[in-house]
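A structural walkthrough
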Amino acid sequence: MKRKLSNSDLEADHPEISTPKRPRTALSHSNGALNGHAPNLSPLLEEDVGELSHQAPNGQSTPKKSSKATATPLKDSGLKTPTHKSKARSLFATPTKSTIAKTGTPSRMRKADQSAKKKSARVLFEQDEDSAWDGSEQLAEEILQEDEVAETENEIDIGAEIVTESVEGDKIEEGKATDTKAPKRRAGRPKGARNKRSPTPEGELPPHERYFFQNRAGTGKTSNTTLNKVSLLTHEEYFEKMAQYTDPCQQEKEYLLSIHRRSFPQWLFEFEEGFNICLFGYGSKRRLVHDFADWLYQKRSVAGKIPPIIIVNGYTPGISIRSIFATIATAILGEELPSKLGAQPTEVLELLQSALKARPADEEPITVLINSVDAPPLRRAVNQTLLARLAATPRVRLLLSADTPNFATMWDISLRDQFNLVFHDSTTFTPFTAETNVVEEVHALLGRKGQRVGGKEGVGFVLKSLPENARNLYRLLLTEVLTVMEDGHQSDDEAATGVDGGVRPGEDNGVEFRLLYQKATEEFIASSEMMFRTLLKEFHDHQMITSRMDPSGMEILGVPLSREEMEGVLEDLVLA
Amino acid sequence: MDPVGQEDVLDLSRDKSPNQGAYVYQPANPGKTASERPAKRRKVSSAHDQGQAAVSQIFVPLLNGEENLISTQLRHDCYKQIWSRQEDRIQAILEDVDAGVLADVLSFVRDNTPETCNGCIPTGLVTVGSNVSSLSRLLSRLNDQLLSNDEGGVVVLESGDAPNLKTTLKNVIRAVITNTEGNDGYHEFLTDRSGPRLLSYDLDLLHEYVQRKGTKKLVLAFRDSEAFDPVLLMDLLSLLKSWLDRIPFTVLLGISTSVELFEGRLPRACISLLQGKHFEVQDAGNCVDRIYESLQAGPEGKMWLGRNVTSTLLEKTHDYFQTPEAFSRMVKHAYMSHFFANPLSVLLANPSPATLSHPVLCEAIRNTPSFRMFCEDLIESGSPENARNLIESDETLLQEAISHVEIGQQSMRRLFGAIGLIFSCLQHTQSVKKTNISDLSVRGLSGDLSESQVLDDMLATMRTFDSEKMGRLLDTLPEAELTHLLIEDIRADFASLVGAHARSLPLRSEYNINSSVMKTTVVQQRILLSKGKSNLAKRDLEYTRIVDRLVGAFQEYFAETLIQPQELFMHEAFLFDFRNPLKETFTPRPRFAIERALANPFDYLVSSADTSAARISVKQPPTAILYQLYLESGALVNIHDLWQTFYSVFESEQGDACDERLVMALFYGALSDLRSFGMVKNSRKKTDHLSKSVWIGL
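Residues numbered from 1 in each chain as written. Chains lettered and ligands numbered in written order. Predicted model: local features only at pLDDT ≥ 70, side-chain atom pairs only at ≥ 80, totals over all residues.

An unreviewed UniProt entry lists chain B under the name Origin recognition complex subunit 3, from Penicillium ucsense. Among the UniProt annotations of chain B, the heading Subcellular location (unreviewed entry) holds the following wording: "Nucleus". The annotation that UniProt attaches to chain B under Sequence similarities (unreviewed entry) is "Belongs to the ORC3 family." (UniProt positions renumbered as here; feature names shortened; annotations may be inferred.)

Chain A is annotated in an unreviewed UniProt entry as Origin recognition complex subunit 2 from Penicillium ucsense. The UniProt entry for chain A carries this comment under Subcellular location (unreviewed entry): "Nucleus".

If you want it as C-alpha cells, here you go:
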C-alpha cells in the first residue's frame with residue numbers, strides 16, 4: 001500500500017507546479033465520491049462509482065474532447081476499446097474511468113508520457129484470453145503512474161476496506177506531501193516494477209479466489225534464470241553454516257516450550273484415563289517429547305516406581321514396526337525374553353500383549369513415545385494398523401508426534417477409534433535437525449543428480465562402521481578407479497567423455513570385477529568369491545558403488561563420486 | 001531463561017540418540033537433569049508443607065499453585081466417583097443396544113451346521129453401517145459366551161492380517177490356539193507333537209486342535225470384509241469349505257456398506273460357498289442420543305454439560321461418522337477438563353466448609369460472574385447486608401456457595417426432568433417430525449425452551465386431544481416428574497370423568513376441531529365464514545375444564561423448571577460449557593495450525609520486540625519467511641528467483657554483515673521443511689522450478 005501511495009503522490013506533486021488548480025478539484029471530487037461509496041462497495045456499485053467519477057471530470061473539462069480528437073485514430077480506438085471490455089469484466093477490473101480520468105485532465109494529458117500511451121494501446125490490441133486479467137491491470141498500472149484517481153479506482157477491485165484506507169491516506173498525504181519527502185519514498189518501488197505481471201493478488205482475497213488467481217491460464221511466466229551459476233551447499237558446508245547461525249527467536253521458542261511443558265501433568269492425567277496423545281504443529285517435537293520422558297521418569301521414580309519408557313524415532317530410515325515391538329517386548333520382559341521373537345510383527349505384538357496381560361496389575365504401564373509417526377518409514381497403512389493395535393492394548397500408553405499438515409488422513413475411523421487419541425497443538429518452531437536430511441531433501445527437490453546422496457561425508461560415515469577388510473576393499477577399489485581415470489586422461493576420447501559427463505567420472509571409469517577380485521585375494525582381503533561378493537553387497541546397499549555390464553559382458557564396478565571426493569575418501573582411509 | 005536451553009541450539013546436547021530407531025529411555029545423568037529443576041520445583045514448592053503426599057498426585061494445585069492439597073485430592077476423587085458411575089451407565093446402554101443382535105448371532109452360530117446349510121459354510125452377514133466399533137464389541141462378547149460354554153471361540157481377522165493366503169492361515173491358526181491356550185500354549189502345541197512337524201499354516205494343525213479340544217464351533221470373523229482382497233477371500237473360503245467336514249467353521253462378515261455391494265465384489269463361485277443370514281446393528285446416532293440422555297438426565301446427576309459443549313458433541317456425531325465409544329470419550333474428556341482445571345469443581349465433592357476454608361478459593365468464587373450477578377440481585381432485592389457479608393466473610397461465602405451448588409443441582413435435575421417430560425409429550429403430539437431429546441436439551445440448556453414454538457405447539461395440540469389420547473399421554477408420563485407436576489387431583493378427576501362416561505367415549509374438549517362448526521352465510525353475494533362452537537355436551541364441558549387445568553399445570557410447571565442455567569449462582573461449579581479445548585482436542589486442525597505458525601509466526605512466538613512493522617523480517621524463523629514468499633508466488637516458482645528474494649530479505653536488513661552462504665543454509669532448511677510438508681514439488685515444466693501444491697486456507 002505504502003509503495004503505491006508514494007508514487008501517486010509523486011505524480012500528484014508534479015502537476016501542482018504547472019497547473020495548480022484543476023487536478024486538485026478533480027481529485028477531491030472523485031475522492032469524495034469514493035469515500036461516499038466505499039464502505040458498502042459491491043461489484044455493482046463499483047460500476048456506479050466508475051460512472052460517477054467518469055462524469056465529474058467530463059462536466060468540468062470540455063477541452064478534453066479536442067485533445068482526444070487530435071490524437072491519431074489508432075490511439076483513439078486504443079483508448080476506447082477497454083471501455084467495453086472492462087465493462088464486461090467489471091467484476092475484476094474497472095479500467096474505464098481510469099482512461100477517462102486520464103483524458104479528463106487535459107493539463108496532464110499534455111504531460112502524459114507518450115510511450116506509456118503507446119504501450120497501453122499495444123497491450124489492448126494484443127489482448128488475448130489469458131492476459132485478460134493482466135492486460136487491463138497493466139494498462140491501469142501505467143495510467144496509474146500518471147493519475148492518482150486511477151490508482152485509487154484500481155484499488156476498488158481488491159477490497160473495499162483497503163479503498164477507504166488508501167483514499168483517506170491519499171488525502172492526508174496530499175496535504176502533507178513535500179518535495180523533501182518524495183525522493184525518500186521513491187526508493188520504495190523500482191520504476192516499472194509494477195509493469196510485470198504479479199502473481200500476488202493485492203489485498204486480501206478469500207482463499208478460493210486466491211487459488212484461481214494464482215492458477216489462471218497464462219500466468220506461468222517465470223523468469224528463465226537457473227541455479228547453474230549458484231554453487232549449491234554440501235553437507236559439510238550446511239552444517240558448518242548452521243552451527244554459526246544464532247536464532248533470533250531463541251528466547252521466544254524457549255518460552256513456547258515452557259508453555260508446552262506446563263501441560264505435562266495434563267498429559268499424564270489423560271494417560272491415566274486411557275487416552276493416547278498426539279502432538280501436532282510446526283516444529284520438531286523431539287525435545288519436548290524427551291522432556292516429557294524426563295518429567296515422567298522423575299515424577300514416577302520419586303514415588304518409587306520406575307516406569308518403562310520407550311522412545312521411538314519414526315523418521316529413522318529403515319525402522320521397522322517389528323523392531324519397535326521387539327524393543328517394547330524387551331523392556332517388558334527383560335531377561336525372560338524368548339530367544340526367538342518371530343519374524344512377523346503381529347507375532348511380536350501378540351507376545352507383547354500376552355506378556356502385558358501376565359504382568360501384575362499394580363506395575364507401571366508401558367509408555368511409548370513415538371517421534372514423527374507420520375514420517376515416511378512408518379507412514380504405510382500396514383504399519384499404522386499395527387500401531388493402532390498397540391495403542392488399543394490395555395496398559396500401553398502411546399504418545400505420538402506428527403509433523404506434516406495432513407497426518408490425520410493416515411487413520412480411518414476404525415483406526416482412530418483404536419488409537420483413542422487426544423490432540424494437542426504443540427507448535428515448537430524447533431528446526432527438524434534430526435528428522436530430515438536437509439541437503440539431501442533439497443537436492444532431491446531441485447532434481448540435482450550431480451550431488452551424490454550422502455556424498456563424501458556419507459561414504460566416510462558408512463566406512464567407519466564397516467569392518468577392517470571392507471574398508472581395505474574400498475580403498476583398493478578407489479585406488480584402482482583413480483588409476484584407471486588417470487590412464488584414461490591420457491587417451492583423447494576417454495578424456496572427452498570425462499569432461500562431458502563431468503559430474504561423476506567415477507562411474508564411467510570403472511574396474512573390471514574379476515580384476516578387482518584378483519587384487520583383493522592377493523591382498524588377503526577376501527579369501528573366496530562368496531566373501532568378496534558379501535563385501536560388495538554392503539557397498540551396494542549404501543549406494544557407494546555402481547555396477548554395469550560393458551558391451552563384452554564384463555561387469556564393471558565404479559564409484560559414484562567426483563574425483564576430488566574419491567581422493568578425499570581415499571586419503572581418509574589411508575590415514576585412518 | 002533456561003540456561004541449558006540456550007546452549008543446545010541444535011537440540012542435540014541432551015538427547016543422545018536422535019539417530020536410534022527405538023530405544024528404552026534411560027534418564028540422563030544426574031548433572032544434566034538440573035534443567036528439569038525449574039519445572040519440578042514449581043510443583044513441589046507449592047506443596048512443600050504437605051510433603052510426600054503431593055508426589056503421587058495427578059492433579060496439579062490450581063489457583064497459581066496455591067490451592068489446598070486436600071481440595072486437589074478431593075477434585076480427583078470426585079471425578080473418579082462421578083465418572084465411574086456415568087461410565088457404568090454408558091456400558092449398560094451399549095450392552096443393551098447390542099443385546100438383541102448378540103442373541104440373534106449367537107443362536108445363529110449355535111443352530112447352524114454345514115448340514116443345515118446344504119453343505120455350504122454357515123455365514124452371518126453383519127452390516128454395521130457407521131457403527132464400526134459395535135462389531136468388535138459384539139465379537140468379543142460372542143467369544144466370551146462361546147468360551148465360557150467350551151463350545152469354541154471367535155477369531156477376528158482384519159484385512160491387515162491377510163496379505164496372502166499363507167500368512168492368513170498362519171494367523172488364523174495361531175489366533176485360534178492362543179485364544180484358549182495362550183501364547184506359550186501355541187508354541188508348545190507347535191513343537192510338542194508326535195509325528196512329522198507341520199508347517200505353521202497347515203490346517204491339519206487346526207484339525208488336530210479341534211479334535212483335542214472337542215471344539216464345536218469355530219467362528220471366523222472378518223472385521224472389515226470390504227478391505228480384503230477378493231481373490232484371497234475366494235481362496236480362503238474355498239479352502240475352508242474343503243475342511244468343513246473336519247473343522248466346524250462359521251464365518252461372520254462385517255460389512256460397512258451394504259450386502260449387495262459386498263456381494264457384487266465377490267465371484268459367483270465364492271458366493272455359492274456361503275449360506276447364511278443377515279444381521280443389522282443399530283445405528284450409532286440412536287445410541288448416542290440414549291447415552292446423552294442418560295448422562296444428563298440421570299436422577300443423581302451432579303454436573304452437566306452446557307449448551308456449547310452439547311452442540312459441539314452432537315455436531316460431531318451428526319457431521320462425521322463417530323462410534324458411541326468415541327462420543328463417550330469426548331464426554332469423558334469434558335468431565336476430565338472440568339475437574340482438572342476448575343478449582344470450583346471441588347464444591348461438587350460435598351466438602352465440609354472447614355476443609356475448604358482457603359482464602360484463595362473464596363477469592364476465586366468472588367470473581368465468578370455468577371457471584372457478581374447474585375450480589376447484584378441481593379442488593380436489588382434490598383438485602384445489601386447479605387451481599388456485604390458474602391464479600392467480607394469467607395465462612396458465610398462458603399456456606400452459601402455450597403448450599404447454592406446443591407440448589408443449582410436440584411434445578412438442573414428438574415430442568416432435565418422437564419425436558420424429559422416435554423419429550424415424552426412430544427411423542428404424542430408430534431406426528432411427522434420427531435424432535436429428539438438431545439436437540440431439546442440444547443435448547444433447554446440455552447434457556448430458550450420456555451418460550452419456544454415447540455412448547456406452544458405442544459400445549460396447543462394437547463388441548464385438542466380427546467379423552468382417549470389424553471389418557472394415553474397421561475399414562476406414559478415419566479413417574480418421577482409427576483410428583484413435581486402436582487396433577488394428581490387432575491388425573492383423579494379425569495379418571496372419574498372417563499369412568500362416568502365410559503359409554504360415550506371419547507370425550508372431546510372445546511378446542512377439538514370436531515367441536516367447532518364452520519358457518520357459511522351468504523351476505524350480499526359474499527360468502528362469510530365464521531367459526532362457532534357447537535353446542536357441547538355437559539360431559540365435554542367438564543372434560544374441557546379438566547384439559548384447561550391440566551394445561552395450566554403444565555404451563556406453571558414449565559415456567560418454574562425451564563430456567564436459564566447460566567443464571568444460577570455457582571453454575572460454574574456444576575456446569576461445564578467450554579467449547580474450545582474440547583473441540584480442538586478431538587477435531588484438530590493440524591494444517592491450519594502449521595499454516596498459521598508459518599504465516600503469522602508471532603502468534604506463537606510471543607515477542608517483546610515490536611514486530612508489527614514489517615510483514616516479512618529477518619526476525620522470523622526462516623521457514624516462515626520462505627513460506628510467506630511462497631504464499632505470494634504463483635503456481636510455478638523459479639527457485640533461483642525465490643532464493644534471490646529470500647536472500648534480499650536478509651540482505652536488506654543486515655546489509656554487508658549478511659553471510660550469503662549462511663542465508664543459503666537457512667534457505668535449504670526452509671525449503672526442505674516445505675517439501676516435507678508436501679507444499680512444493682519439483683516441476684517438470686521448466687528447469688529449476690517448483691510447483692506449488694497447497695493454497696493457504698483451502
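**Here's the deal with the overall build of chain A**
Each helix and strand in chain A was counted, giving 29 helices and eight strands. The buried share of chain A, taken over its 576 residues, is 40%. Contacts in chain A between residues at least 24 apart in sequence constitute 77% of all its contacts with a sequence separation of at least 6. (Helix = DSSP H or I, 4+ residues; strand = E, 2+ residues; numbered from the N terminus. Buried ≥ 20, exposed ≤ 12 C-beta atoms within 10 Å, placed from the backbone. Contact = placed C-beta atoms within 7 Å.)

**Side note on the overall build of chain B**
A tally of helices and strands in chain B yields 29 helices and 13 strands. Across the 698 residues in chain B, those meeting the buried criterion constitute 37%. Taking all contacts inside chain B whose residues are at least 6 apart in sequence as the whole, residues at least 24 apart take part in 74%.

**A closer look at the interface of chain A and chain B**
The accessible area lost on association of the parts is a frequent measure of interface size. Contact with chain A, which involves 99 residues of that partner, is made by 97 residues of chain B. Here the side of chain A that touches chain B gets nine residues from one element, more than from any other, and that element is helix α17 (residues 286-302) of chain A. Looking at chain direction, strand β2 (residues 309-313) of chain A and strand β1 (residues 22-24) of chain B are connected through three bridges and run antiparallel. Residue pairing across strands places A:I311 opposite B:Y23, the latter belonging to β1(B). (Pairing = 2+ DSSP bridges.)

**Description of helix α14 (residues 359-366) of chain B**
Residues and elements named next belong to chain B. Every buried residue belonging to α14 is among L361, C362 and I365, and all of these are buried. Seen from one end, α14 has its buried residues packed into an arc of 100°, which puts them on one side. On the buried face of α14, the contacting elements are α3 (69-111), α13 (353-356), α15 (369-380) and α17 (394-429). (Arc of directions from axis to C-beta.)

**Quick word on the sheet that holds β2(A)**
Ordered in space as β5(A)-β1(A)-β4(A)-β3(A)-β2(A)-β1(B), the six strands form an open sheet in which the pairing is mixed. What marks the edges here is a single partner per strand, and that holds for β5 (421-425) of chain A together with β1 of chain B. Strand-to-strand twist in this sheet, taken as the mean axis angle between neighbours without regard to direction, amounts to 20°. Where strand β1 (residues 276-280) of chain A lies against strand β4 (residues 396-401) of chain A, three bridges are found, and the strand directions are parallel. In the sheet register, A:L279 faces β4(A), and the bridge partner there is A:S401. With respect to the sheet, helix α18 (residues 321-333) of chain A is in contact with β2 and β3 (366-371) of chain A together with β1 of chain B, its orientation differing from that of β1(B) by roughly 10°. (Axes fitted to C-alpha atoms, helices over the stretch in contact; angles between N-to-C directions.)

**Some points on the pairing of β4(A)**
Walk down a regular strand and you will see the side chains alternate between the two sheet faces. Residues and elements named next belong to chain A. In terms of residue burial, β4 counts as a mostly covered element, since six of its six residues are buried. Here β4 shows a buried face lined by V396, L398 and L400 and a second buried face lined by R397, L399 and S401. With five bridges joining them, β3 and β4 adopt parallel strand pairing. When the sheet's bridge partners are listed, L369 is paired in β4 with L399. Handedness of the crossover is the feature at issue here: the chain leaves β3, passes through helix α20 (residues 381-392), returns alongside β4, and the resulting connection is right-handed. (Right-handed = clockwise from strand over helix to strand, strands pointing away.)

**Digging into the sheet that holds strand β7 (residues 546-549) of chain A**
On the basis of which strands lie adjacent, the open sheet formed by three strands has the order β6-β8-β7 (chain A) and antiparallel pairing. The sheet is open, and its two borders are formed by β6 (511-512) and β7 of chain A, each paired with just one other strand.

**Focus: the environment of B:I546**
Residues and elements named next belong to chain B. Assignment of secondary structure puts I546 in helix α23 (residues 538-561). Judged by local crowding, I546 falls into the buried class, with 21 C-beta atoms found within 10 Å. It is 8.7 Å that separates the C-alpha atoms of I546 and R491, two residues lying 55 residues apart in sequence. Beyond its immediate sequence surroundings of up to four residues, I546 is in contact with I490, D493, F494 and L497.

**What about the nonpolar core?**
Core analysis: the biggest nonpolar cluster contains 169 residues, and A:I310, A:I328, A:L369, B:F667 and B:Y668 have the highest contact counts within it. With 13 residues, α17(B) is the single largest residue contributor to this core. Those residues within four positions of A:I310 in sequence are excluded, and the remaining contacts are A:T327, A:I328, A:A331, A:I366, A:V368, B:A22, B:V24 and B:Y25. Ranked by size, the runner-up nonpolar core spans 43 residues in total, among them B:V176, B:A221, B:L233 and B:V251. (Core = buried A, V, L, I, M, F, W, Y, C linked by C-beta atoms within 7 Å.)

**Looking at the packing of α17(B) against helix α18 (residues 437-445) of chain B**
Residues and elements named next belong to chain B. Two numbers describe how α17 lies on α18: the axes approach to 10 Å, and their chain directions differ by 135°. Comparing their axes, α18 and α17 come out oblique. Considering the relative orientation of α17 and α18, their crossing is right-handed. In this structure, α17 uses L415, I419, I422 and F423 to contact α18, whose residues at the interface are I437, L440, S441 and G444. Class assignment for the residues of the contact of α17 with α18 results in six nonpolar, two polar and no charged. (Parallel < 35°, antiparallel > 145°, perpendicular 65-115°, else oblique. Left-handed = near helix turned anticlockwise from the far one by under 90°. Nonpolar A, V, L, I, M, F, W, Y, C, P; charged D, E, K, R; others polar.)

**Points about the confidence of the model for chain A**
Residues and elements named next belong to chain A. The pLDDT averaged across chain A works out to 68; a share of 59% of its residues lies at or above 70. Averaged over each element, pLDDT in chain A is lowest for helix α25 (residues 492-501) (37) and highest for β1 (93). Long-range and interchain partners of residues 127-137, a stretch whose pLDDT sits below 50, account for 17 contacts in this model, where long-range means more than four residues apart. (pLDDT = per-residue confidence, 0-100.)

**Re the confidence of the model for chain B**
Residue and element names in this part refer to chain B. Looking at chain B, pLDDT values average 80 and 87% of them are 70 or higher. Here residues 1-15 is a poorly scored stretch, pLDDT under 50, and it has 24 contacts once near neighbours within four places are set aside; other chains count. Interface confidence for the predicted complex, expressed as ipTM, amounts to 0.83; the pTM equals 0.70.

**Focus: the environment of A:L288**
Residues and elements named next belong to chain A. By secondary structure assignment, the location of L288 is in helix α17. Classification of L288 by C-beta neighbours within 10 Å gives buried; the count is 21. L288 sits 27 residues away from R261 along the chain, and the two C-alpha atoms are 7.4 Å apart. Those residues in contact with L288 that sit more than four places away from it in its chain are L257, H260, S426 and T428.

**Observations concerning unusual backbone geometry**
All names here are of chain A. Of note, the phi angle at N420 is positive, near 55°, even though the residue is not glycine. As for its placement among the helices and strands, N420 is situated in the loop between α21 (413-419) and β5. A positive phi is found at F524, a non-glycine position, where the angle reads about 60°. Residue position: F524 is located in the loop between α27 (513-522) and α28 (529-541). With 9 C-beta atoms counted inside 10 Å, the residue F524 sits in the exposed group.

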